[in-house]
Amino acid sequence: MANRRFELQYSRFALLLQLLVFIGISCVLYVSLTLGLWLLSLLLLSVTWWLFQQQPKIQRFEYLSGTDWSFALHSSANIQRRSIAGMLDHHCYVVLYFTERQHVPCVIWWDQLSTAQWQQLKLCVKLH
């Protein structure tokens, strides 16, 4: 697995999916709640989404050896070394699970990588 470096871009598909889920939840809540509670729930949904967006995002990652990978985050200049416990391919996204419990699983969408890099990542998942 030589030369496995993946540069991630911003995912438009993930944003669209979040927007559709937000609209769906809003419609269900509009039907089932009064206007005041619905507006309060919209506020809580918006704050929750904003807090979710504040989590550090992975800018790039690269295979080192065995299960070790290096990860560079958008929010920090340092590079972290993480060990991957598992990789799951769900066709339009890949989930990376880490052995350290303090690191949350990472979801990589198909539109975050070029076609060639997406195929390389899917190959890495099969080999892992």
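The sections below set out a description of the structure shown in this document. These figures come from a predicted structure and were not determined experimentally. (Residues numbered from 1 in each chain as written. Predicted model: local features only at pLDDT ≥ 70, side-chain atom pairs only at ≥ 80, totals over all residues. Heavy atoms only, no water.)

Across its full length, the protein chain holds three helices and six strands. The secondary structure elements of the protein chain, listed N-terminal to C-terminal, are β-α-α-β-β-β-β-β-α. Here the protein chain has a C-alpha radius of gyration of 18 Å; the compact-globule value for 128 residues is 14 Å, and the former is much larger. With the principal axes as the frame, the protein chain shows a C-alpha extent of 60 × 30 × 20 Å. (Helix = DSSP H or I, 4+ residues; strand = E, 2+ residues; numbered from the N terminus. Rg over C-alpha atoms; globule rule 2.2 N^0.38 Å.)

This next bit is on the layout of surface pockets. With a probe scaled to a water molecule rolled over the atoms, the places where space remains empty come into view. Of the voids in this model, the largest pocket is the one considered here, and its volume is about 790 Å³. If you go around the largest pocket, you meet 27 residues; those closest to its centre are F52, Q55, P56, K57 and V107. Looking at the lining of the largest pocket, the elements with two or more residues in it are α1 (12-32), α2 (35-53), β4 (79-89) and β6 (106-109). Per-element tally for the lining of the largest pocket: the top contributor is α1, with four residues. Classifying every residue of the lining of the largest pocket by side-chain character gives 15 nonpolar, ten polar and two charged. (1 Å grid on protein atoms, 1.4 Å probe; cavity = no way out; pocket = protein on both sides within 12 Å on 5 of 7 lines; lining within 4 Å. Points joined across faces, edges and corners; volume = space filled by probe spheres on them. Nonpolar A, V, L, I, M, F, W, Y, C, P; charged D, E, K, R; others polar.)

This part is about unusual backbone geometry. Even without being a glycine, H91 presents a positive backbone phi close to 70°. Residue position: H91 is located in the loop between β4 and β5 (93-98). For H91, a relative accessible area of 67% gives the class exposed. (Buried < 20%, exposed > 50% of the residue type's maximum accessible area, 1.4 Å probe, protein only.)

Before going further, it helps to spend a moment on the packing of aromatic side chains. The relation between two aromatic rings is expressed through the spacing of the ring centres and the mutual angle of the planes. A complete count under the given rule lists ten aromatic pairs for this structure. Between F13 and W110, the ring centres sit 5.8 Å apart and the planes meet at 55°, which makes this aromatic pair tilted. Here W110 lies in the loop between β6 and α3 (115-127) and F13 lies in helix α1, a separation of 97 residues in the sequence. On the basis of relative accessible area, F13 is assigned to the partly exposed category, the value being 29%. Taken together, the aromatic side chains of F6, F61, Y63, W69, F71 and F98 make up a single cluster linked through ring pairs. For R82, the ring lying beneath its charged end belongs to F71, and the centroid distance is 5.3 Å. Above the face of the F98 ring, R82 is positioned so that its terminal group lies 4.9 Å from the ring centre. (Phe/Tyr/Trp six-rings, centres within 6.5 Å; stacked < 30°, edge-to-face > 60°. Lys NZ or Arg CZ within 6 Å of the ring centre and 35° of its normal.)

A few words on the nonpolar core. Grouped together as the largest cluster of nonpolar side chains are 20 residues, with contacts concentrated most on F61, W69, F71, L96, I108 and L121. Listed by contribution, the elements that provide at least two residues to this core are β2 (58-65), β3 (68-73), β4, β5, β6 and α3. Looking at this core, the element that brings in the most residues is α3, giving four residues. Discounting chain neighbours no more than four positions away, the residues touching I108 are L8, F61, C92, Y93, V94, L96, L113, W118 and L121. (Core = buried A, V, L, I, M, F, W, Y, C linked by side-chain atoms within 4.5 Å. Contact = heavy atoms within 4.5 Å.)

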